[in-house]
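What follows is the residue order along each chain.
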Amino acid sequence: MNPILKYLKNVFAAKRLLGDDQTLTGLVKADYLLQKVIQENKAPGIAITVLKDGKTIFQKGYGYADLEQEQFVDPRKSIFRIASVSKPIAATALAHMVQEGLIDLDASFYTYLPDYPKKEWDFTIRQLASHTAGIRVYKGKEYGLNEPYSIKQGLQIFKNDPLVFEPGTTYLYNSFDWAMISAAMQEAIGIPFEEYVQEKVLNPLGMTNTYIPEFHPKQSLRKKGSVVNCISKSKEHKHLTTFYSKSISGFRKAIPVDNFYKLAGGGYLSTSEDIAKFGQVFLDKKVGIKEGILNQFLTAQQIDGNSTYYGLGWQVSEDAKGRKFFGHVGNGVGGYSNFFVYPKEQLVFSILVNCTDPKIQAELDSVINCFFS
């Protein structure tokens, strides 16, 4: 199996391992470890924001938002691709729709897109949201597709393929599930998915530095003058980081991609501060969603009595120390992200990197471990 696909399939269902180096402690150790990652050229740039009891206790930028221009990372302003951290944002919008009675988690996907090609088995919105619907993972170059598809147009990539298993019988993480959910959502409400997310999630939560990729004139659903926060790939926004990939010889600019069609699964761009703010709202119970509905999203699903470590759009697990968290890891072309909320400890972690999987998760886990006394 392609290493990237193997990573995507397995990383979200695994418990994260945390380091135990006792040489340094606390914030000093966290700072040292992150500086070391940059000094050893393991990542071009990193932004981190850590909240404790609703207050910022650690926020810093490391390395460069742009290597060539030697532009430093600013955790409050530097804009990264957040990859699959987009899923909790989309899931929050979906929860609002459930609360408003606009969509039913246990309804067939075909209720909302009746023209979608029929499969051997039916499957529900809940199964899509929990990655148990049998939708396949990326093939070939699909991971880095650069086509100006609308959300609905993007379904053509995989819609004619069979399900890879009977829905509800196993778990397979993929981003196509959420592309399908976002298509169903906008059919159910009659407005573009991105506008609903902006209205129900980003604006109310004050996420003013969270963006969608640039518009394409040929797409009917994406109108000029829309109310959504939009950012251009041409780097007209001065705080947009440059996206990199890592090779043996160093960092190079990542291939161009268009992530709009999979906006819900991995297309949003944001700052470390905005994502931390998003997590804090859940700790403060100010999401605006009833507890009974929210709990469905933040409860790990079971398959044959075994946890998938995944709820509905949220990774729901515990680390190697037994500390429970919810959030998401993200990996996409030119972006890598960690977003974790620890309810008992009242901690929120938001770490963004402007590079395709730089293979530093062990280092980031060690950094996170520094904040537990």
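Check the entry above for the structure.
How each quantity is defined
Residues numbered from 1 in each chain as written. Predicted model: local features only at pLDDT ≥ 70, side-chain atom pairs only at ≥ 80, totals over all residues. Heavy atoms only, no water. Helix = DSSP H or I, 4+ residues; strand = E, 2+ residues; numbered from the N terminus. Buried < 20%, exposed > 50% of the residue type's maximum accessible area, 1.4 Å probe, protein only. Contact = heavy atoms within 4.5 Å. Polar contact = N/O pair within 3.5 Å; in protein donor to acceptor, adjacent residues only side chain to side chain. Axes fitted to C-alpha atoms, helices over the stretch in contact; angles between N-to-C directions. Parallel < 35°, antiparallel > 145°, perpendicular 65-115°, else oblique. Left-handed = near helix turned anticlockwise from the far one by under 90°. Nonpolar A, V, L, I, M, F, W, Y, C, P; charged D, E, K, R; others polar. Pairing = 2+ DSSP bridges. Phe/Tyr/Trp six-rings, centres within 6.5 Å; stacked < 30°, edge-to-face > 60°.

This next bit is on the environment of Asn-338. Structurally, Asn-338 can be placed in strand E12 (residues 335–342). For Asn-338, a relative accessible area of 0% corresponds to the buried category. Dropping the residues within four chain positions of it, Asn-338 is found in contact with His-328, Val-329, Phe-349, Ser-350, Ile-351, Gln-361, Leu-364 and Ile-368. Of note is the side chain of Asn-338, whose polar atom sits 2.8 Å from the side chain of Gln-361.

With that out of the way, let us pick up the packing of helix H3 (residues 86–99) against helix H9 (residues 272–283). Contact geometry of H3 with H9 gives a least axis separation of 11 Å together with a crossing angle of 45°. Considered as vectors, H3 and H9 are oriented oblique to each other. Crossing of H3 against H9: the hand is left-handed. Here Pro-88, Ile-89 and Thr-92 of H3 come into contact with H9, specifically with Ile-275, Phe-278 and Phe-282. When its residues are assigned to classes, the contact of H3 with H9 shows five nonpolar, one polar and no charged.

Taken in spatial order, the seven strands line up as E3-E2-E1-E13-E12-E11-E10 in an open sheet, and their pairing is antiparallel. Across the chains shown, the open sheet's two edge strands, defined by having one partner strand only, are strand E3 (71–72) and strand E10 (315–318). Pairing geometry for strand E1 (residues 45–52) and strand E2 (residues 55–66), over eight bridges, is antiparallel. Of the residues in E2, the one forming a bridge with Lys-52 is Lys-55. Contacting E1, strand E11 (324–332), E12 and strand E13 (347–353), helix H11 (residues 361–369) runs over the sheet at an angle of about 30° to E12.

Take the environment of Pro-343 next. Turning to its location among the elements, Pro-343 is positioned in the loop between E12 and E13. Look at Pro-343 and you get partly exposed, because its relative accessible area is 33%. Between the alpha carbons of Pro-343 and Lys-324 there is a distance of 7.5 Å; along the sequence they are 19 residues apart. Sequence-distant contacts of Pro-343, defined by excluding residues within four places in its chain, comprise Leu-283, Lys-324, Phe-325 and Phe-326.

Below, the discussion takes up the packing of aromatic side chains. All chains considered together, the criterion is met by 26 aromatic pairs. Look at Phe-278 and Phe-339: their rings are 5.7 Å apart centre to centre, the planes differ by 35°, and that puts the pair in the tilted class. Linking Phe-278 in helix H9 with Phe-339 in strand E12, this pair joins segments that are 61 residues apart in sequence. Phe-339 shares its class with Phe-278; the two are buried. Pairing Phe-325 with Phe-340 gives two aromatic rings, centres 5.1 Å apart and planes at 75°, and the pair type is edge-to-face. A residue pair is termed long-range when its members are at least 10 positions apart, and Phe-325 in strand E11 and Phe-340 in strand E12 qualify at 15 residues.

Secondary-structure assignment places Val-137 in the loop between helix H4 (125–129) and helix H5 (151–154). According to the relative accessible area criterion, Val-137 is partly exposed, its value standing at 22%. Sequence separation between Val-137 and Leu-172 is 35 residues, and the spatial gap between their C-alpha atoms is 7.9 Å.

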